Each structure stands twice: as C-alpha cells, then as structure tokens.
Amino acid sequence: MMELLSPAGGLDSLIAAVQTGADAVYMGFGAFNARRSAKNFTDEEFASAVAYCHLRGVRVFLTLNTLLTDRELEQAAESLRKASDMGVDAVLVQDWGLLTLAREIVPDVPLHASTQMSLFTLGGANEAAALGLERVVLARELARDEIREICAGCPAQIEVFAHGALCMCYSGQCEMSAVVGERSGNRGACAQPCRYQYALMEEKRPGEYFPVFEDEKGTYIMNSRDMCMIGHLDDIMDAGIDCIKIEGRAKSEYYAAIVTGAYRHVLDEVAAGETPDPVWLDEVEHVSHRHYSTGFYYGQPGQYYDNSRYIRDWQVVAVVESCDANGMATLSLRNKFRAGDTVEVVGPDCKPFSMVVPEMRDAEGFTLLEPRNPRMIFTMQLPRSVPAMSFVRHAVDLSARD
C-alpha cells in the first residue's frame, strides 16, 4: 500500500492531517526548511508532535531541505541531534554537505533526498541510493513512464508529489526569486515572482509599459497550474511508487484535513479494487487552489494566463470542538454566518452534508442568531453526530480580483 504523506505547517494542520488519515507527516523547525513562511514548530512543539503522531502510528519526517553555508552547519548539526533525540523517523535533505554531516552524527536516522535536489533520472536516483539515502523524492517535472522506469531500477524508495502547487522552474531552482525578490527558494523563502503580471519597459522610455503576451489569452506568462492526481491514483500505484505527497505546509488546517481525507478515501477504495466515490473526488474542489492539472504525468500541464488568483469558493465558518451522540455540537467560530444560512458539515470519515443553520446558544445559554466574536465558543444542534475537528463551511466566492 502506498504511503500517504501530508503537510504539517503547524500543530493544527498536523492534527488535522493525522485525524483524516495521513500515514506520515512532514514538518519543520528551525531556520533550514524550504517553507520558512509556514508556522513551523518550536523544539517543544516538535517533540510533542512526534509523540502525538507515534501514539497514532503516524511517521514524522523533518524537513532540513535548504542549502546551507559553512557558518550554518553547526546550527544544522544541532537540529539533527535534536530531531534524533525526539525520535524523528526520517530527515529530508538537499545540501550534500548536510548529508555528509548527518551520516556522521546521526547515522541511525534515515535520510530522504528532497525534491529540491532535482533528481529526475534513474542515474541520479541510484547515486542518491548509493550514498545511503533511503528514499528519493523525485522532481515534479517527470512523466509517468519516466517515474515507472526509476521505480523499477532504483533500490531506494520512491516518493512523488500528487497534489499541490507546481513551480515554474525545477522545484526551488528559481533565479528570479533570488534576483527580483532577493528571496531564494533554495533558502526556503520563495517570493513567487512567477505569479506576477508582467509588462515590458524600454530603458529610454521609463514609465511607458508595453503588454507582454505569450498568446491571445493574456500576460500571466509564468503562472503554473496546481497539480491534482486524485482521479489517477490507480495509475500511480501501477508505477510502483512507494509514497505520494501532498504539498501545502504554508496552507491551513482546513486544507490539510480536506485534501488528506479525500486522498485517504480514494486511495483505500482504489487499493480495494473499488470505484472511487465521487464525493471524495469532488472534495479537493472545496479548498483554495489554482486551476488544476495532472502535473507532468501525462505531458506538459500548461499554464493559466488569465490571472494568478486562487479559486476560493468555500469558507470555513466554524470548527466542531465536540459533539454528543444526539448531534449537539460545541463549536469555535472562524467566520461570520447566521441562523437561516445553508451550510455544509464535513469531518474525519464524515461525508459532507447540507443543513440550514438553526438558532444557536452562546456560552451562557442565551439564544444566538449570529456569532460575531472570533474564536467564540457556542453550541448548535446538528442533524447527526459528527467527529471533533469537523468543519462547518458555506459557499462564497472569495477569489481575489485583479
């Protein structure tokens, strides 16, 4: 059975991923991970997170996957020692110097070759395996048949991305971010200049802009689509892949829960020889995302030239803290809604269902028609019992406008 690996940018996202079926999570602490914009974890939080995951049979991978300077190796070595003492299951690395250092000071901790290494050939994967890397996370830019060839010929485990953002360069190898934004993707600080709208300016005519068109569709000439392979998991399984990975450590707990849960259900159904339930295939449309593609699995994914905004058709309004057998739920407010609104409820192993919001009660038991204070606790009768960490959401167009 393929491992399902989910992102954990913070404690809430980690719990959401674990509760909705992740086999493993990847997360960072300290300065040397490729998503420095994510919440990440303090040392104490990371140790608690490892214990939480291991108690539930979930593995934990630490991301130490940026390039380092010589001055930073001592600090990175300390992070490796801490991770080993905390019981981390593997460490993702990009820097070859860190790889050598890790083999010396924590020889018992498995190492994974980060996608930041841009390994996209069988020869490269085999070289990583020969250097002692237990797993290779392949570059996103590979086609299905290329992945199949590497899986068949490499002794290391093979991991691939199945869902999330794509890079307009080989992942992380973006000169534009480093030069234009003075933020390097190889240092965990990508500025995403590929998402900008560009115009041409001739140096002797400052302030006079000429539109740039790749074709008649528009000027967002480098804007990548997101990858979504949930409808093709049978094909991924047949390729011999050991692990599929969901991108998104900078995204919300709702994203971690919904996408992990959807892939968990479809993966299990496909493994059992069943036809995937359309409900779970549709769930990935309920999170913030850019226009989907199948990545490079079946050829060039193409870019979306009209704009670079996210599609946001749903908003979380409340999270279920607890719920009794009769459906009386205690909730925490996230965004405004009111009695009479039509909402959906979805949670761990709970298919989404619609309901009309009844009158609610505040913490003192008084009637409440519209909760207003962020994170306020209130109660609401649901049609049936649902698990804690279920989400109440409503349809609303929050897509940014140009």
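From a predicted model like this one, the values you see are computed outputs, not experimental measurements.

## Quick notes on the overall build of the chain
For step 1, the next point in the chain: Of regular secondary structure, the chain possesses 10 helices and 20 strands.
For step 2, the next point in the chain: For the chain, with 402 residues in total, the buried portion stands at 53%.
For step 3, the next point in the chain: For the chain, the accessible area works out to roughly 17800 Å², and carbon and sulfur atoms hold 50% of it.

## Here's the deal with the pattern of salt bridges
For step 1, the next point in the chain: For the coordinates displayed, the defined rule picks out 17 salt bridges.
For step 2, the next point in the chain: Of the charged contacts in the structure, one is a salt bridge between Glu-247 and Lys-251, with a shortest N-O distance of 3.6 Å.
For step 3, the next point in the chain: You can call Glu-247 buried: its relative accessible area is 7%.
For step 4, the next point in the chain: Across the salt bridge formed by Glu-370 and Arg-372, the nearest N and O atoms sit 3.1 Å from each other.
For step 5, the next point in the chain: Residues participating in the shared-partner salt-bridge network are Glu-3, Arg-59, Arg-135, Glu-159 and Lys-245.

## So, a nonpolar patch on the surface
For step 1, the next point in the chain: Nonpolar side chains collect at one region of the surface, where Val-179, Val-180 and Tyr-196 lie side by side and expose about 290 Å² of accessible area between them.
For step 2, the next point in the chain: Tracing the chain through its elements places Val-179 in helix H7 (residues 175–180).

## Brief notes about the nonpolar core
For step 1, the next point in the chain: Counting 97 residues, the largest nonpolar core has Leu-14, Val-25, Phe-46, Ile-244 and Tyr-263 as its most contacted members.
For step 2, the next point in the chain: The element contributing the most residues to this core is helix H9 (residues 253–271), with 11 residues.
For step 3, the next point in the chain: Dropping the residues within four chain positions of it, Val-25 is found in contact with Leu-5, Ser-6, Ala-8, Leu-14, Ala-17, Val-18, Cys-53, Val-58, Arg-59, Val-60 and Phe-61.

## Regarding the side chain of Arg-264
For step 1, the next point in the chain: By secondary structure assignment, the location of Arg-264 is in helix H9.
For step 2, the next point in the chain: The contacts of Arg-264, once residues within four sequence positions are left out, are Met-1, Leu-4, Thr-20, Gly-21 and Asp-23.

## Concerning the packing of aromatic side chains
Aromatic ring pairs: the centre-centre distance and the angle between the two ring planes describe each pair.
For step 1, the next point in the chain: Taken as a whole and judged by the stated rule, the model has four aromatic pairs.
For step 2, the next point in the chain: Ring geometry for Phe-41 and Phe-46: centres 6.3 Å apart, planes at 85°, overall edge-to-face. With respect to burial, Phe-41 and Phe-46 carry one shared label: buried.
For step 3, the next point in the chain: Clustering of aromatic rings is evident, with ring pairs tying together Phe-29, Phe-41 and Phe-46.
For step 4, the next point in the chain: Taking the ring centre of Tyr-26 as reference, the NZ or CZ of Lys-245 above it sits at 4.4 Å.
For step 5, the next point in the chain: Seen from the ring of Phe-353, Arg-384 lies directly overhead, with NZ or CZ sitting 3.9 Å from the centre.

## Thoughts on the pairing of strand E16 (residues 350–356)
For step 1, the next point in the chain: Here strand E15 (residues 342–347) runs beside E16; their pairing, made up of five bridges, is antiparallel. Each residue of the ladder has a partner; that of Thr-342, found in E16, is Val-356.
For step 2, the next point in the chain: Linkage of E15 to E16, two consecutive antiparallel strands, is achieved through a turn of two residues, within which Asp-349 is found at a positive phi near 55°.

## Some thoughts on the packing of helix H3 (residues 73–86) against helix H4 (residues 96–105)
For step 1, the next point in the chain: The contact between H3 and H4 brings their axes to 10 Å, and the two run at 45°. Overall, the two elements H3 and H4 adopt an arrangement that is oblique. Here H3 and H4 pass one another in a crossing that is right-handed. Together, Leu-73, Ala-76, Ala-77, Leu-80 and Arg-81 of H3 and Leu-98, Leu-101, Ala-102 and Ile-105 of H4 make up the contact between the two elements.

## With respect to unusual backbone geometry
For step 1, the next point in the chain: Residues other than glycine seldom take positive phi values, yet Asp-349 does so here, at roughly 55°.
For step 2, the next point in the chain: Among the structural elements, Asp-349 can be located in the loop between E15 and E16.
For step 3, the next point in the chain: Look at Asp-349 and you get exposed, because its relative accessible area is 69%.

## Remarks on helix H5 (residues 122–130)
For step 1, the next point in the chain: Along H5, the residues that are buried comprise Gly-124, Ala-125, Ala-128 and Ala-129. Each buried residue of H5 sits inside an arc of 140° when the element is viewed along its axis, so together they form one side.
For step 2, the next point in the chain: Buried residues along H5 sit in contact with strand E6 (135–137) and helix H6 (144–153).
For step 3, the next point in the chain: Once H5 ends, the next one or two residues include Gly-132, with phi positive near 100°.

## Regarding the environment of Glu-253
For step 1, the next point in the chain: Inspection of the secondary structure assignment puts Glu-253 in helix H9.
For step 2, the next point in the chain: If we ignore the near neighbours within four places in the chain, the residues touching Glu-253 are Asp-12, Ser-13, Ala-16, Arg-334, Met-389 and Phe-391.

## Notes on the pairing of strand E2 (residues 24–27)
For step 1, the next point in the chain: By the alternation rule, side chains of E2 split into Ala-24 and Tyr-26 and Val-25 and Met-27, which are all buried.
For step 2, the next point in the chain: Handedness of the crossover joining strand E1 (residues 3–7) and E2 through helix H1 (residues 11–19): right-handed.
For step 3, the next point in the chain: Note that E2 and strand E3 (residues 59–64) share four bridges and pair parallel. The residue bridging Val-25 from the neighbouring strand is Val-60, located in E3.

Criteria and cut-off values
Residues numbered from 1 in each chain as written. Predicted model: local features only at pLDDT ≥ 70, side-chain atom pairs only at ≥ 80, totals over all residues. Heavy atoms only, no water. Helix = DSSP H or I, 4+ residues; strand = E, 2+ residues; numbered from the N terminus. Buried < 20%, exposed > 50% of the residue type's maximum accessible area, 1.4 Å probe, protein only. Areas by Shrake-Rupley, 256 points an atom, 1.4 Å probe, with all protein chains shown as cover. Salt bridge = Lys/Arg side-chain N within 4 Å of Asp/Glu carboxyl O. Patch = residues over 30% accessible without salt bridge, like charges linked within 9 Å, V, L, I, M, F, W, Y side chains within 5 Å. Core = buried A, V, L, I, M, F, W, Y, C linked by side-chain atoms within 4.5 Å. Contact = heavy atoms within 4.5 Å. Phe/Tyr/Trp six-rings, centres within 6.5 Å; stacked < 30°, edge-to-face > 60°. Lys NZ or Arg CZ within 6 Å of the ring centre and 35° of its normal. Pairing = 2+ DSSP bridges. Axes fitted to C-alpha atoms, helices over the stretch in contact; angles between N-to-C directions. Parallel < 35°, antiparallel > 145°, perpendicular 65-115°, else oblique. Left-handed = near helix turned anticlockwise from the far one by under 90°. Arc of directions from axis to C-beta. Right-handed = clockwise from strand over helix to strand, strands pointing away.

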